[in-house]
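One letter stands for each residue in the lines below.
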Amino acid sequence: MRLRDYPLIKFTSVFVLGIIFAEVFFVKPEFVLLAFSIAFLLTLILYFTKKFTAANVFVFLAIFLFGSALNSIEKAKISQLQYPFEKELFKRAAIYGKITNAEIPLEDKLRFEIECDSVKTRDLILRNKFNALVNVYFKKRNNAEAKKFNIGDYVEINGRLFKPRGKRNPCEFDYAKYLKEKGIVALVSVNEIGKVKILRKGGTSFESIIYNLRLKINDAINRLYGRQKRALIKALILGERRDIEKSTVNNFINSGTVHVLAVSGLHVGFIALILLVLLGRFGIFLRSALTALGLVSFILISGAHPSVIRAGVMALVLLIAFLSGRDYSPLNALFFAALIILIINPRELFDPGFQLSFSAVLSILIFYPVFNGFIRRWIHGKYAKKFAQFLAVSVAAQIGSLPFTLIYFHKLSLVSVLANIFAIPLIGIIVSLAFASLIFSAVSLQFASLYAITNALAIDALFKIAEISSKVNYAYFDVAKFGTANAIVYFIAVAIFFYTLVRFRFRARVVVFLLLVLNFAIYSKLLEREILPRNALSVIAIDVGQGDALLVKFPDNEAILIDAGNATKRFDNGANVILPLLDYLNIDTLRALFISHVDADHYRGSFAIVKSGRVKTIYKPRLDKNMKKDLAFEDFLNKRKRKINYYQRKAINIGGCRVYILNDTTAAAYKHFDNNNRSGLLKIVYGKNSILFTGDLEKEGERFYINSYGEFLRSDLLKAGHHGSKTSSSEEFIATVKPKFAIISAGKFNKFGHPNFEVLERLNKFGIKIKRTDKSGAVIFTANGENIDFINWK
């Protein structure tokens, strides 16, 4: 491959380097624009004076600076975006503005973006423009009302206005940063559709026409397909994946076939093929023009994601080359598509969809010709050769996209090549039948239903392939700590291997491959960032909102979990917060799970932990037969064959530490305690350091333990009882414990007003340093047996 034949590769690569330079280094836009202008003028002067060698150098410099200038301008715009209020939450606010973007309504939820021009609250009237994301929750019977809103409508919204959540735990997604990249600085939550009123209808615009068309296609899909079937069709045609069940998405991730759920170049290819076949009777120019129109329409209807634009541009370039009689270069077309997207918005370079799509296609274009050369030499059967070529395309795509898959999905699938053999052809069938059913639904719903019923069988087969593949033993591995540095090392290794593949003989290839794998493993390990120090006792108060979840890692790397937060239909702390954190910290098993007491904000998240198989032993208060939730919890644990230990006075040795369970269940006073005061009281001692965990212990229980243990309660670190409620943390108890530090686990914006200001004043009075999850997110302390220290993990 000679680069002179691929000019767009050179130009786009230099342009991308400019974008990356502006991302890594702080560069003022004015300075870069000035440098670009000078480089551009010098290029023109050198060309006119026929100094072409120097001119070529300045061309590349100008392109580099152009990319850097565009990105620095966008970064400057984003950095200026700020949440416009000092107060982070307004429980009741009237927000006025114009709808600028809207997603297709779900059965019970509507989401749209709004450009606000004014906000009214009890305290103020603000007239300032900012963008907010609005979530409207409603009953299913009100779904039709959700469809009356359109892009351009000027609306009044009465609901909660608040600042978006940032990164609250290690390895957690930074939602506030993600929204800011999209120009959004505030969130609005509304619990009734009637609280959103249209004050002025927007006029007809291109965006509103596209949105209405998407709504009509959505309605047609709803009429033809059942719930899970239509969720997939919407993902493939409209780019709306929110309706697909999480368990189904996980099956596709684990089987390495998740790419088929997103609108991508694969689907554009199928659609182009369908259009060319359907329009086969027309003349070549009309057929190409109609195919191009169809592709542009699909790009707009599907949401214009980077992967679709990339495939659409490449297809259009192919059509133009075909009509003009010119040679078609897929590599030039790919880099041309990238250049167009990045000139429009250089921030797309950092979008997962852009990275996955372009890396996969680029990898196919580089590696497939090499693989195909080996296939032609070594495989002679016609069908065996076709099968091998199909495999080669799949392998080539995954070589390029693997680092991004690991970064964003944290899974390494070992069955992906095999699963894709079946999944990719099925997607072609499903997309074809979906379009057929939608086209015929405009004429005859009954006739369209025949296609939909047939398609339902193909969809069931696709779901079954993903499910079976994901449940094979060792189908996938969790890879929690794969970052940009790892990806760079990986691509360097791939480049070296590719060079070896082309230049050297078989034995040399094998040796180089093994050496590269070994070096990659070593360097990846060295690049891992350890949040928790080794050979130390560490405590993480995980931010689970209004609840408790404390992870304790011992010097020998064993770990226990004390409580697991809440789990609701909307959000499960166990599945969405704690399990990913355990993966990130390389904690495969928990020595024990301690449930302080059976209150939802302490134990509900444990269901996901238990289901994951990471814990075998559970400690909890003795069964209260008058509590249905306690009976149901123990029934769940028994069905899962988990060992249940009830709290009683004892000591456990774990990793050089002593874990004391202080609950004296034989005492007469203890037997009359309520649920909160029966909370498990744990003290962990490591050398000269000690930590006291109190659950939701209240003042009555505190007095009982003061009388029972006295000075033994003294600890360096106290997990304050009941989220800092005024019912806990009495002056007598704090004076007895004498902690240097206190952790308060409470939810941001919680309705209980935790922590209570009297408790905060009391702790401050004793000179105790307070760390709060509602203010800081996760709180981490580490002890080495001599000293205990706070770790700033952000």
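Description of the structure in this document. The residue numbering used here restarts from 1 in each chain and proceeds along that chain's sequence as written. Local features are withheld for residues below a pLDDT of 70 in this predicted model, meaning they are given only at 70 or higher, and side-chain atom pairs are given and counted only at 80 or more; totals for whole chains, interfaces and linings count all residues. Excluded from the side-chain calculation are hydrogens and water; included are all heavy atoms of the structure.

1. Regarding the environment of I78
So, point 1. On the secondary structure map, I78 appears in helix α3 (residues 52-80).
So, point 2. In sequence terms I78 and K182 are 104 residues apart; their C-alpha atoms lie 8.5 Å from each other.
So, point 3. Contacts are assigned to residue pairs that have any heavy atoms within 4.5 Å of one another. Apart from residues no more than four positions distant in its own chain, I78 is found in contact with K180, E181 and R347. For helices the rule is a DSSP run of H or I covering at least 4 residues; for strands it is a run of E covering at least 2, with both sets numbered from the N terminus onward.

2. Comments concerning the packing of aromatic side chains
So, point 1. Stacked, tilted and edge-to-face are the three classes applied to pairs of Phe, Tyr and Trp rings, where Trp contributes its six-membered ring and a pair requires centres within 6.5 Å; stacked means planes under 30 degrees apart, edge-to-face means over 60, and tilted covers the rest. Counted under the stated rule, the structure contains 37 aromatic pairs.
So, point 2. When the ring of F404 is compared with that of F491, the centres are 6.0 Å apart and the planes differ by 45°; the resulting orientation is tilted. Placement of the pair is F404 in helix α14 (residues 382-409) and F491 in helix α17 (residues 484-503), with a sequence separation of 87 residues.
So, point 3. Each residue is assigned to one of three classes by its accessible area relative to the maximum for its type, calculated with a 1.4 Å probe on protein chains only: buried under 20%, partly exposed between the two thresholds, exposed over 50%. By relative accessible area, which is 16% here, F404 ends up buried.
So, point 4. On the basis of an interplanar angle of 75° and a centroid distance of 5.1 Å, the ring pair of F704 and Y705 is categorised as edge-to-face.

3. Quick look at unusual backbone geometry
When glycine is set aside, most residues are seen to have a negative phi, and most peptide bonds are trans.
So, point 1. Omega for the bond connecting H754 with P755 falls within 30 degrees of zero, at -5°, which places this linkage in the cis form.
So, point 2. When you line up the elements, P755 lands in the loop between β21 (741-744) and α26 (757-765).
So, point 3. Notably, D563 is not glycine yet its phi reads approximately 70°, a positive angle.
So, point 4. Structurally, the position occupied by D563 is in the loop between β12 (559-562) and α19 (573-584).

4. Let's talk about helix α7 (residues 227-237)
So, point 1. Buried residues dominate α7, accounting for 10 of its 11 residues.
So, point 2. Buried within α7 we find Q228, K229, R230, A231, L232, I233, K234, A235, L236 and I237.
So, point 3. In the stretch just after α7, G239 is the one whose phi turns positive, near 70°.

5. A short note on the sheet that holds β12
So, point 1. A pair of strands is considered paired only if DSSP assigns at least 2 bridges between the two. The strand order β15-β14-β13-β12-β11-β10-β23-β24 describes an open sheet built from eight strands, whose pairing is mixed. Only two strands of the sheet have a single partner each, and these edge strands are β15 (643-646) and β24 (788-791). Within this sheet the neighbouring strands show an average axis-to-axis angle of 20°, counted without direction.
So, point 2. Pairing analysis gives four bridges linking strand β10 (residues 537-541) to strand β11 (residues 550-553), with the strands arranged antiparallel. A fitted line through C-alpha atoms serves as each axis, taken over the contacting stretch for helices, and the angle formed by two N-to-C directions is quoted from 0 to 180°.

6. A look at a positive patch on the surface
So, point 1. Patch building starts from residues that exceed 30% relative accessible area and form no salt bridge, then joins like charges within 9 Å and nonpolar side chains (Val, Leu, Ile, Met, Phe, Trp, Tyr) within 5 Å. Only the protein chains shown count as cover for residues, and all accessible areas are computed by the Shrake-Rupley method using a 1.4 Å probe. Put simply, a salt bridge is a Lys or Arg side-chain nitrogen that is within 4 Å of an Asp or Glu carboxyl oxygen. In this tally, Asp and Glu contribute negative charge and Lys and Arg positive charge; neither His nor the terminal groups of the chain are included. Each charge is placed at NZ for Lys, CZ for Arg, CG for Asp and CD for Glu. Residues K91, R92, R122, R160 and K195 make up a contiguous surface patch of positive charge.
So, point 2. Along the chain, K195 turns up in the loop between β6 (186-190) and β7 (196-200).
So, point 3. For K195, a relative accessible area of 30% gives the class partly exposed.

7. Things to note about the sheet that holds strand β18 (residues 682-686)
So, point 1. The strand order across the open sheet built from seven strands is β16-β17-β18-β19-β20-β21-β22, with neighbouring strands paired in mixed fashion. Of all the strands in the sheet, just β16 (650-654) and β22 (769-772) have a single pairing partner and so form its edges. Neighbour-to-neighbour, the strand axes of the sheet open up by a mean angle of 20°, direction not taken into account.
So, point 2. Here four bridges tie strand β17 (residues 657-661) to β18, and the two strands are oriented antiparallel to one another. Across the sheet, the residue bridging to I661 is L682, located in β18.
So, point 3. On the sheet, α26 packs against β21 and β22 and is oriented at approximately 145° with respect to β22.

8. Observations regarding the nonpolar core
So, point 1. Counting 79 residues, the largest nonpolar core has F112, V136, I157 and L161 as the members making the most contacts within it.
So, point 2. Ranked by residues supplied to this core, first place goes to helix α16 (residues 445-471) with eight residues.
So, point 3. Those residues in contact with V136, other than ones at most four positions away along the chain, are D108, K109, L110, F112, V190, E192, I193 and V196. Nine residue types can take part in a nonpolar core, namely buried Ala, Val, Leu, Ile, Met, Phe, Trp, Tyr and Cys, and a core is a set of them joined through side-chain atoms within 4.5 Å.

9. Details of the packing of helix α6 (residues 206-224) against α7
So, point 1. Packing of α6 against α7 brings their axes to within 9 Å, and their N-to-C directions diverge by 150°. Looking at the two axes, α6 sits roughly antiparallel to α7. Relative to α7, the crossing made by α6 is right-handed. Contacts between α6 and α7 involve I217, N218, I221 and N222 from the former and R230, I233, K234 and I237 from the latter.
So, point 2. Note on residue classes: Ala, Val, Leu, Ile, Met, Phe, Trp, Tyr, Cys and Pro are nonpolar, Asp, Glu, Lys and Arg are charged, and everything else, Gly too, is polar. Considering only residue class, the contact of α6 with α7 consists of four nonpolar, two polar and two charged. For this classification, under 35 degrees means roughly parallel, over 145 means roughly antiparallel, 65 to 115 means roughly perpendicular, and everything else is oblique. Rotating anticlockwise by less than a right angle from the far helix to the near helix defines a left-handed crossing, while the corresponding clockwise rotation defines a right-handed one.

10. Examining the pairing of β18
So, point 1. Of all the five residues making up β18, four are buried; the element is thus mostly covered by neighbouring parts of the structure.
So, point 2. Where β18 meets strand β19 (residues 689-693), five bridges bridge the pair, whose relative direction is antiparallel. Residue pairing in the sheet places V685 in a bridge with S690 of β19.
So, point 3. Counting the residues in the hairpin turn of β18 and β19 gives two residues, including G687, whose phi is positive at 60°.

11. A short note on the pattern of salt bridges
Here the idea is simple: oppositely charged side chains can pair when their charged atoms come close.
So, point 1. Enumeration according to the criterion identifies 32 salt bridges in this entry.
So, point 2. Between K229 and D460 there is a salt bridge, and its shortest N-O distance comes to 3.1 Å. Of this pair, K229 sits in helix α7 while D460 is found in helix α16, placing the two residues 231 residues apart along the sequence.
So, point 3. With a shortest N-O distance of 3.2 Å, D599 and K629 are connected by a salt bridge. Separated by 30 residues along the polypeptide, D599 in the loop between β13 (592-594) and α20 (600-603) and K629 in helix α22 (residues 628-639) bring together distant segments of the chain.
So, point 4. Residue D599 is classed as buried on the basis of its relative accessible area, which comes to 17%.
So, point 5. With relative accessibility at 34%, the residue K629 sits in the partly exposed group.
So, point 6. What you see here is one network of salt bridges that share partners, running through E103, R111, R214, E240 and R242.

12. Some words on a nonpolar patch on the surface
So, point 1. Together, L34, I38, F40, L41, L42, L44, I45 and F48 make up an exposed nonpolar region whose accessible area comes to about 810 Å².
So, point 2. On the secondary structure map, I38 appears in helix α2 (residues 29-48).
So, point 3. For I38, a relative accessible area of 45% gives the class partly exposed.

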